[in-house]
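Examination of the molecular architecture
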Amino acid sequence: MKKKHLTHSTFKELRGVSRRDFIKFCGVMAVGMGFPVTMGQKIAEAVTNPKKRPPVIWLHGQECTGCTETLLRPSHPSLEHLILDLISLDYHETLNAGAGHQAEAAMKKSMQENAGKYILVIEGAIPVKDGGIYCKIGNRPFVDIVKETAAKAGAIIAIGSCASWGGIQSSYPNPTGATGVPDVLKDKTVVTIPGCPPNPYNFLSTVLHFLTFSKLPALDDKNRPIFAYGNLIHENCERRPHFDAGRFAETFGDDGHRNGYCLYKLGCKGPMTHANCPSILFNEAGGGVWPVGTGHPCFGCTEKGIGFNIPLHSLADVENITPSSVIAPIKSEQGKGMSKGSAAVLAGAAGAVVGAAAVITRNLGESDNSDKGE
Amino acid sequence: MEIRRRDFLKVVAGTTAMAVSPSLSFASSPGKKRLPGAMGMLYDATLCIGCEVCMVACRKANNLSPQPTGIQKLWDNPKNLSFETYNIIKKYQNGTGKVKDNEINGFSFVKSQCMHCVDPSCVSACPASAMTKDKETGVVSYNPEACIGCRYCQVACPFNIPKFEWDSPFPEIAKCEMCSHLQAKGEIPACCSECPTGATIFGPVESLLIEAKRRQNMEPGKYYYFPANSLKSGKTNEKSASKYIPRIYGETEIGGTQVLMLSGVPFNKIGLPDLPDRSYTSISENIQHTLYRGMILPVIIFGGLTYLVAKNKNNNE
Amino acid sequence: MKSEKPLGGRIFTIPFTIFFIIALISLYFLGKRFVLGLGAVTNLNDGYPWGIWITYDVVVGTAFACGGYATALLIYVFNKREYHPLMKSAILTSLLGYTMSSVAVFLDVGRYWQLYNIFLPWYGNVNSVLFEVALCIAVYTFVLWFEFAPTILAKFNLEKLQAALNKIMFILIALGVLLPTMHQSSLGSLMIVAGHKLYPLWWSSFLPLLYLISAVMMGYAVVMVESSISTLRYKLPDETEILGKIAKVLALLAGIFLVLRICDIALRGHFELIFKGDLLGNIFIIENVLLIVPVCMLAIPSNRKKPRVLFLSALSMMFSGGLLRFNSYLVGFNPGNGWHYFPAAPEIIITLGIIAIEIMVYIWCIKRLPVFQKA
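Note that this is a predicted model, so its numbers are computed, not measured.

A closer look at the overall build of chain B
Along the backbone of chain B there are nine helices and 12 strands. Counting only residues that meet the buried cut, chain B has 58% of its 317 residues in that class. Counted over contacts in chain B with a minimum sequence separation of 6, partners at least 24 positions apart contribute 59%.

Some details on the interface of chain B and chain C
Each partner contributes residues to the interface: chain B has 71 residues there, and chain C has 69 residues. Carbon and sulfur atoms make up 60% of the surface buried where chain B meets chain C, a total of about 6,100 Å² over both sides. Ranking the residues of chain B by area buried against chain C places B:Ile148, B:Tyr152 and B:Trp166 at the top, with a combined share of 12%. Summed over the shared surface of chain B and chain C, the result is one salt bridge. In this structure, the salt-bridge partner of C:Asp108 is B:Arg151, at a minimum N-O distance of 2.8 Å. Here chain B and chain C share 35 residue pairs in polar contact (both at pLDDT 80 or more) between them.

Details of the environment of A:Gln62
Residue and element names in this part refer to chain A. Relative to the elements of secondary structure, Gln62 occurs in the loop between β1 (55-60) and α4 (66-72). A relative accessible area of 12% means that Gln62 is categorised as buried. When residues no more than four places from it in sequence are discounted, the contact partners of Gln62 are Gly124, Ala125, Ile126, Pro127, Cys135, Cys162, Gln169, Thr176 and Ala178. In this structure the side chain of Gln62 is engaged in a polar contact, spanning 3.0 Å, whose partner is the side chain of Thr176.

Details of the packing of helix α1 (residues 14-36) of chain C against helix α12 (residues 345-368) of chain C
A packed helix pair is summarised by two numbers, namely the angle formed by the two axes and the spacing between the axes. All names here are of chain C. Across the interface, α1 lies against α12 with an axial gap of 8 Å and an inter-helix angle of 135 degrees. In this view, α1 runs oblique relative to α12, as classed from their interaxial angle. You can see that α1 and α12 cross each other, and the crossing is left-handed. Facing α1, whose interface residues are Phe16, Phe19, Phe20, Ile22, Ala23, Ile25, Ser26, Phe29 and Leu30, α12 presents Pro346, Ile349, Ile350, Leu352, Gly353, Ala356, Ile357, Ile359, Met360 and Ile363. For the contact of α1 with α12, the class distribution of residues is 17 nonpolar, two polar and no charged.

Overview of the packing of aromatic side chains
Using the criterion set out here, one finds 30 aromatic pairs over all chains in the structure. Ring plane angle 40 degrees and centroid distance 6.5 Å describe the contact between C:Phe34 and C:Phe106, whose orientation is recorded as tilted. Residue C:Phe34 is found in helix α1, and its partner C:Phe106 is found in helix α5 (residues 87-108); the two are separated by 72 residues along the sequence. Taken together, the ring pairs connect B:Phe170, C:Phe34, C:Phe106, C:Tyr112 and C:Trp113 into an aromatic cluster. A cation over an aromatic ring shows up here: A:Arg247 above the ring of A:Tyr261, its NZ or CZ 5.9 Å from the ring centre.

Some points on unusual backbone geometry
Cis geometry is adopted by the peptide bond preceding A:Pro173, which originates at A:Tyr172 and carries an omega value of 5 degrees. Note on placement: A:Pro173 falls in the loop between α8 (160-165) and β8 (178-179). The linkage connecting A:Cys196 with the following residue, A:Pro197, adopts the cis geometry, with an omega of 0 degrees. Along the chain, A:Pro197 turns up in the loop between β9 (190-193) and α10 (200-213). Even without being a glycine, B:Asn160 presents a positive backbone phi close to 55 degrees. Counting through the fold element by element, B:Asn160 comes out in the loop between α4 (152-156) and β7 (163-164).

Some remarks on the packing of helix α9 (residues 240-267) of chain C against helix α10 (residues 279-299) of chain C
All names here are of chain C. At their nearest, the axes of α9 and α10 sit 9 Å apart, and the two run at 140 degrees to each other. As α9 runs across α10, the sense of the crossing is left-handed. Residues Ala247, Ala251, Ala254, Gly255, Phe257, Leu258, Arg261 and Ile265 of α9 lie in contact with α10, whose contacting residues are Phe284, Glu287, Asn288, Leu291, Ile292, Val295 and Leu298. Tallied by class, the residues present in the contact of α9 with α10 amount to 11 nonpolar, two polar and two charged.

Comments concerning the sheet that holds strand β1 (residues 39-44) of chain B
Residues and elements named next belong to chain B. Taking strand neighbours across the sheet as the criterion, the three strands line up as β9-β1-β12 in an open arrangement whose pairing is mixed. A strand with exactly one partner marks an edge of an open sheet, and here the two such strands are β9 (200-204) and β12 (259-262). Each adjacent strand pair in this sheet contributes to an overall mean axis angle of 25 degrees, direction not counted. As defined by bridge partners, β1 adjoins β9 across five bridges and the pair is classed as antiparallel.

A look at the interface of chain A and chain B
Between chain A and chain B, the residue contacts involve 28 residues of the former and 35 residues of the latter. Both sides of the chain A and chain B interface together cover about 2,600 Å² of buried area, and 59% of this is carbon and sulfur. A per-residue breakdown of the area chain A buries against chain B is headed by A:Leu315, A:Ile327 and A:Ile330, which together make up 27% of the total. If you look at where chain A meets chain B, you find six residue pairs in polar contact (both at pLDDT 80 or more).

Considering the state of the cysteines
Residue and element names in this part refer to chain B. If you walk through the whole model with that rule in mind, you get zero disulfides over all chains. Here Cys179 stays free of any disulfide, with the sulfur of Cys58 as its closest cysteine sulfur at 6.2 Å. With no disulfide of its own, Cys192 lies 4.2 Å from the sulfur of Cys191, the closest cysteine sulfur. The class for Cys192 is buried, based on a relative accessible area of 0%.

Digging into the sheet that holds β9(A)
Note: strands within a sheet are paired through backbone hydrogen bonds, in either parallel or antiparallel orientation. Residues and elements named next belong to chain A. The parallel open sheet is built from five strands, whose spatial order is β2-β1-β3-β7-β9. Unpaired on one side and paired on the other, β2 (88-92) and β9 mark the two borders of the sheet. Neighbour to neighbour, the strand axes of the sheet diverge by 20 degrees on average, direction disregarded. Where strand β7 (residues 155-159) lies against β9, four bridges are found, and the strand directions are parallel. Bridge pairing links Ile156 to Val190 in β9.

Brief notes about the pairing of β1(B)
Residues and elements named next belong to chain B. Burial of β1 is extensive: six of the six residues sit out of reach of the surface. Side-chain alternation along β1 places Met39, Met41 and Tyr43 on one buried face and Gly40, Leu42 and Asp44 on a second face that is also buried. Sheet topology note: the β1/β12 ladder contains four bridges and is parallel. Following the sheet pairing, Met41 is matched in β12 by Val259.

Let's talk about helix α3 (residues 52-64) of chain C
Residue and element names in this part refer to chain C. Its 13 residues place the ends of α3 only 15 Å apart at the C-alpha level, less than the 18 Å of an ideal helix rising 1.5 Å per residue. Counted residue by residue, α3 has 11 buried out of 13 residues, so it is predominantly covered. The complete set of buried residues in α3 reads Ile52, Trp53, Ile54, Thr55, Asp57, Val58, Val59, Val60, Gly61, Thr62 and Ala63.

Conventions and cut-offs
- Numbering of residues starts from 1 in each chain and follows the order in which that chain's sequence is written.
- Whichever chain is written first is A, and whichever ligand is written first is 1; the rest continue in order.
- This being a predicted model, a pLDDT of at least 70 is required before a residue's local features are given, and a value of 80 or more before pairs of side-chain atoms are given or counted; all residues contribute to the totals for chains, interfaces and linings.
- Only hydrogens and water are set aside when side-chain values are computed; all heavy atoms of the structure are taken into account.
- Numbering of helices and strands runs from the N terminus; a helix is a DSSP stretch of H or I covering at least four residues, while a strand is a stretch of E covering at least two.
- The buried label goes to any residue with under 20% of its type's maximum accessible area, the exposed label to any with over 50%, and the partly exposed label to all in between, with areas taken from a 1.4 Å probe on protein chains only.
- Residue contacts are counted whenever heavy atoms from the two residues lie within 4.5 Å of one another.
- Buried area is calculated as the accessible area (1.4 Å probe) missing from two parts once they are joined, with the contributions of both summed.
- Salt bridges are defined as contacts in which a side-chain nitrogen from Lys or Arg sits within 4 Å of a carboxyl oxygen from Asp or Glu.
- N or O atoms within 3.5 Å of each other form a polar contact, as long as, within protein, one can give a hydrogen and the other can take it, and as long as residues adjacent in sequence are counted only when both atoms are side-chain atoms.
- To obtain each axis, a line is fitted to C-alpha atoms, and for helices this fit is confined to the stretch in contact; angles are then taken between N-to-C directions over 0 to 180 degrees.
- Here the word oblique covers every angle except those under 35 degrees (roughly parallel), over 145 (roughly antiparallel) and from 65 to 115 (roughly perpendicular).
- In a left-handed crossing the near helix is turned counterclockwise from the far helix by less than a right angle, and in a right-handed crossing that turn is clockwise.
- The nonpolar class holds Ala, Val, Leu, Ile, Met, Phe, Trp, Tyr, Cys and Pro. Asp, Glu, Lys and Arg form the charged class, and all remaining residues, Gly among them, are polar.
- Note on aromatic contacts: the rings of Phe and Tyr and the six-membered ring of Trp form a pair at centre separations within 6.5 Å, being stacked when their planes are under 30 degrees apart, edge-to-face when over 60 apart, and tilted otherwise.
- In this analysis the charged atom, NZ for Lys or CZ for Arg, is taken to sit over a ring once it is within 6 Å of the ring centre and within 35 degrees of the ring normal.
- One requirement defines pairing of two strands: DSSP has to find at least two bridges between them.
- For this text, the term disulfide refers to a pair of cysteine sulfurs within 2.5 Å.
- Take the residue count of a helix, subtract one, and multiply by 1.5 Å to get its expected span.

Geometric values such as these leave the question of function open.
Below is the structure:
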């Protein structure tokens, strides 16, 4: 295969994006996934190769379209750059140009042409109760559509908390039997990008990783990319020093809250929630733009069983990997043991006593003998 | 010869009785009982998050200087209770140390401070009454004016709580006095008022025991309300209950303590010794009291001895 | 009739000078202790608040100083007149031992300027074992001075005072028997409150009785050792016969002690700890072997006529008693939580200094005061 090099003309094809901006974007993506910046070149090549521009089929189930909205917000890449240049968005109910049978036909066509290659993105939970009748598209239960589309997909990504584990729909009493994608497609690897909404860069990075290396990034036990969900919010939180120093906001709006103290007592779930929110932030607006940064406790949207499940203002279990190393252990070696000096002095004294005793014993023996002699 | 043998037997019997009788009879007298108005603390290790804010609060409330450790001495980071540290949070870690309140491959925090025993060894041991137990609240406090610095309280304390000022020519003993100065003002101890999770709460011991028993009956994983700061504060935190060791440390240990402990990890693993229900104090006090009650026994023996010595001395001279 | 006379002779002999130098060095460290605090010269810590000073200088020291008590018990209570020649030197060692112990307590307590608080009724705590020990030791030290006073008065020819003292001497002697009985047993009671911190081989509610018997044993053993040394060094009349008789009493006491000790441990169910092979088990074995061997030796009548056997047996028993006290105050004491203690060099030197001063005063006394009987 002829390798296509990045030339100036390649970038002219990319409408409205300078070469400089594009390489910067690829570099940022590479760093976001924990690769060296130079890897950006490789990503750029993968993306600009038209043969590699991935076809994407995007399905919507029980959801609010917040995930799509968040994906449209970033400026790196912009909306048009994303859907026209980076990926080939063949089907997306919100963004489709066509509608009805036309759109369905486009999806069918893409599935056939790109069988085993396309990326399937699922947004929203899948109701499975009563044969899945609570969410239908084109008069077909969503669960059937998902199963059919997934059968030929090259990679499956569940975006958002709803798709990842059911989200708010699955909260008690869960009348529709809302279920996450991994539980419906049990025999497939489903990458989950939970969050309500998820950070768009986590999604984009996962897609680019797949494009560049033809494989999925390393995943954790909940199938979340480790580069994004490897750490607790608590571990990189900007308010962590306040936690360590014991400075807490007691109520919303009190002095502690105004001074940016730790939100743990207000129910922050950061200590039990894995996500990179404090590191990559939201909305490209600079520092502090993420829930905890704006003064609201984390509510654990990226963690199955926490967001939408446990009370908003209840105290979190602090699930550090290990307690802080500076905390004193139960048992610590204390006090001074034997030193050379003390041992020497003691040995000297003991020696003197033993010596004296020996001399006396010998002399006592002599007197004994002399007595007998007399 | 006759007299001498009889005298001999008398002395032997008297001396032996003096030393043996308390040793044999010690099982009879029970230790002291809980005071009805006793105030105490309940520390729940499963609620503790190791933030150490109680240590900071204690320092402020008692004017204690920070104790930085390590090579650089950057942080206030004591490793143990000391003359300047009345309260410390320590950690237990086992194996991978990842799961909170798990004995195996888990971790737990534990608070170390004066337990304010019902029958305190330090109070019994102190020859100069420098350690006293408040007759109402039962708080054990220290009076440097009385103290002679013999450190018998340190030997006696089953929890190694009293600490001595080793590097001073005019040393004192120091330990947690349950912020008596704050209690006098109607406030609660600093570690309780600052604890963010309600891991340490203040209140009458009787009520704390009821609260501790309520927690023991909780279903692990379910959400409950836990009082914060003190039982009367009205503040609560909502939290899922952990699996508790079915024992309230301090309920009966060494005759009972006014600081009670709950934990998910066995107590002997988090540095709290397995102690008998009977206080050691009551054993030694019983021996002393049997021997020296009203000085009757010593006076009788002294009389007998004086008689014998006088007689033998005169006989011989 | 034989009577006591000063031995005379030079004071500054070579051994005396060596003791004098040790005492001077210890004085330097004592200065440091009073200026900088206990932490500056000792390894004492919050886990081991009592170290070698309390253990050796007070607990072992007063037990070694039980010669006067043990001898008085024989002479005046059991009316064994034949032991009288040993009385004065025994009282002298007791006097010095107890005085030095009191000095050691003064050095050891942190707030020595308030030490008198114990004697103030509104501060004294009758529940405290240490209160009883302190009071008792203080009073006994005074009693010993009065008991020894005639010897000093004799030097200054104050016969009238001597006669007056002699009239009340029987009360002093009776006190001199009662008080050690009280506080030597209480020295054992002191460690009962330590509870789980003391290894079960030593923690026992019978500690007071064990300590009392052990103290009497050590008293006799010290009389035998001291008498052997003095006889040898100052060429005094041979006392082997009397010592042999004491040895018989000593063996009997040691036998009772051993039976009691083993029964107590077996009844409390800790017998297997003795043979665990660890440090504590082994040191317990050493402690008791040092007692069993002399008991076996002294049980044979012919051995009780050999000065060498008597000396070594007594010495072994002294060590055994000392070890019992060291074990129950330091070796078997474990506060947990990773605490360590081993005496620091200055700490040991101060103890050696106290011993040196004690021996120096003893030498001066026997050379200048009528203590020993000279033919």
